[in-house]
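# Structural overview
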Amino acid sequence: MSGEAFWANGTKDRKPYVTRVYGHRDPGYARGWHTGVDTVGYNLNHAPQAGVVIFIGYDGSYGNTIVVRANDGTTHRTAHGRPGGFLVGYGQRVEAGQPLMVQGTTGMSTGIHNHQEVKLPNGDWIDPIIWTEARLGNNPTPTNPTNPGIAGEGEDAMGREYYRHEKTGEVVVIAGQ
């Protein structure tokens, strides 16, 4: 299953360095677990998929944040941008790979980095690394072996182009058929 995708804090071909994995358990997080992945690598955060900017601004613990909704309904959040670092505007159409903002350390952050989340059209989070690698046609490698891409379950569906629904346990396709 391949398609349009771009590493939010890298390039189309170069994965960024992961500093905090998806699914990391911590009572400091609002949901009790890390719903995204933290990366460093480039000073710009990019749109992982083409879409429309549906939120831009300061968002509590996320700090300076941009949310892009893709045509398929997937939403991508990139957070902790530096003050004054927004490169796009609300309602703007963006292309995959387009710079969105300059990396920073706003919100609940201990250093300059990018926090990326991918939320599927049904409202479930998925490991952004698995989502991006599957879209690029690669063999997805989970960033967290104890929670490889499944919201709260700790196991994958072995095809790695799928995830297990956090509430029902049903195996759901990431994108496409």
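Data block above holds the structure.
Within every chain, residues take consecutive numbers counted from 1 along the sequence as written. A pLDDT threshold of at least 70 governs which residues receive local features in this predicted model, and a stricter bar of 80 or more applies before side-chain atom pairs are shown or counted, although totals over entire chains, interfaces and linings include all residues. Hydrogens and waters are ignored; side-chain quantities use all the structure's heavy atoms.

The numbering of helices and of strands both runs from the N terminus, where a helix is a DSSP run of H or I of at least 4 residues and a strand a run of E of at least 2. Summing up its helical and strand segments, the chain has one helix and twelve strands in all. Reading the helices (α) and strands (β) of the chain from amino to carboxyl end gives β-β-β-β-β-β-β-β-β-β-α-β-β. Each residue gets one of three labels from its accessible area relative to the maximum for its type: buried under 20%, exposed over 50%, partly exposed in between, using a 1.4 Å probe on protein chains only. For the chain, buried positions account for 50% of its 177 residues. Summarising the internal contacts of the chain: among those between residues at least 6 apart in sequence, 54% fall at separations of at least 24. Accessible area of the chain: about 7,900 Å², with a carbon and sulfur share of 50%. Contact definition: two residues touch when any of their heavy atoms are within 4.5 Å. Accessible areas in this description were obtained via Shrake-Rupley with a 1.4 Å probe; residue shielding takes into account the shown protein chains only.

Relative to strand β6 (residues 75–86), strand β5 (residues 64–70) is paired through six bridges, and the arrangement is antiparallel. Considered in β6, the bridge of Arg69 is made with Thr75. Pairing between strands is defined by DSSP: at least two bridges between the two strands are required. Linkage of β5 to β6, two consecutive antiparallel strands, is achieved through a turn of four residues, within which Gly73 is found at a positive phi near 95°. Inspection of the sheet shows β6 paired to strand β9 (residues 114–119) by five bridges, in the antiparallel sense. From the neighbouring strand, Ala79 faces β9, where its bridge partner is His115. Examined bridge by bridge, β6 and strand β8 (residues 99–103) share two bridges and lie antiparallel to one another. Among the inter-strand pairings, Gly81 is bridged to a residue of β8, identified as Gln103.

Before going further, it helps to spend a moment on the nonpolar core. Membership of the largest hydrophobic core is limited to eight residues, which are Ala47, Val53, Ile66, Val68, Val88, Val94, Leu100 and Met101. Of all elements in the fold, only β5 and β8 reach the threshold of two or more residues within this core. Filtering out sequence-adjacent residues up to four positions away, Leu100 remains in contact with Asn45, His46, Ala47, Ile66, Val68, Thr78, Gly85, Phe86, Leu87, Val88 and Val94. Nine residue types can take part in a nonpolar core, namely buried Ala, Val, Leu, Ile, Met, Phe, Trp, Tyr and Cys, and a core is a set of them joined through side-chain atoms within 4.5 Å. Residues Ala5, Val118, Ile130 and Trp131 belong to the second largest nonpolar core, which totals six residues.

What follows covers the packing of aromatic side chains. When two rings of Phe, Tyr or Trp (its six-membered ring) have centres within 6.5 Å they constitute a pair, described as stacked for plane angles under 30 degrees, edge-to-face for angles over 60, and tilted for the intermediate range. Summed over the entire model, instances satisfying the criterion amount to zero aromatic pairs. Only Lys NZ and Arg CZ are tested; either one counts as a charge over a ring when it is within 6 Å of the ring centre and within 35 degrees of the ring normal. One cation-aromatic arrangement involves Arg77 over Tyr62; the distance from NZ or CZ to the ring centre is 4.0 Å. Here the guanidinium or amino end of Lys119 rests over the ring plane of Trp125, the centre of that ring lying 4.3 Å away.

Counting buried positions along helix α1 (residues 128–135) gives eight out of eight residues, so the element sits mostly inside the fold. Here α1 has its buried residues at Pro128, Ile129, Ile130, Trp131, Thr132, Glu133, Ala134 and Arg135. Where α1 is buried, its residues touch β1 (17–20), β2 (37–40), β6, β9 and β10 (125–126). Gly137 sits one or two positions beyond α1 and adopts a positive phi of about 85°.

The subject of this paragraph is the pattern of salt bridges. For this document, the term salt bridge refers to a Lys or Arg side-chain nitrogen within 4 Å of an Asp or Glu carboxyl oxygen. All chains considered together, the criterion is met by three salt bridges. We note a salt bridge from Asp72 to Arg135, for which the minimum N-O separation is 4.0 Å. Residue Asp72 is found in the loop between β5 and β6, and its partner Arg135 is found in helix α1; the two are separated by 63 residues along the sequence. Residue Asp72 is classed as partly exposed on the basis of its relative accessible area, which comes to 35%. Among the residues examined, Arg135 registers a relative accessible area of 12% and is labelled buried. A salt bridge links Glu117 to Arg77; the nearest nitrogen and oxygen atoms lie 3.3 Å apart.

Our next topic: the pairing of strand β4 (residues 51–58). Pairing of β4 with β5 involves seven bridges; the strand directions are antiparallel. When the bridges of β5 are listed, Gly57 appears paired with Thr65. Hairpin connection from β4 to β5: five residues lie between these consecutive antiparallel strands, with Gly60 at a positive phi of about 55°. In this sheet, strand β7 (residues 93–94) lies alongside β4 in antiparallel orientation, the contact comprising two bridges. Bridge assignment links Gly51 to a residue of β7, and that residue is Val94.

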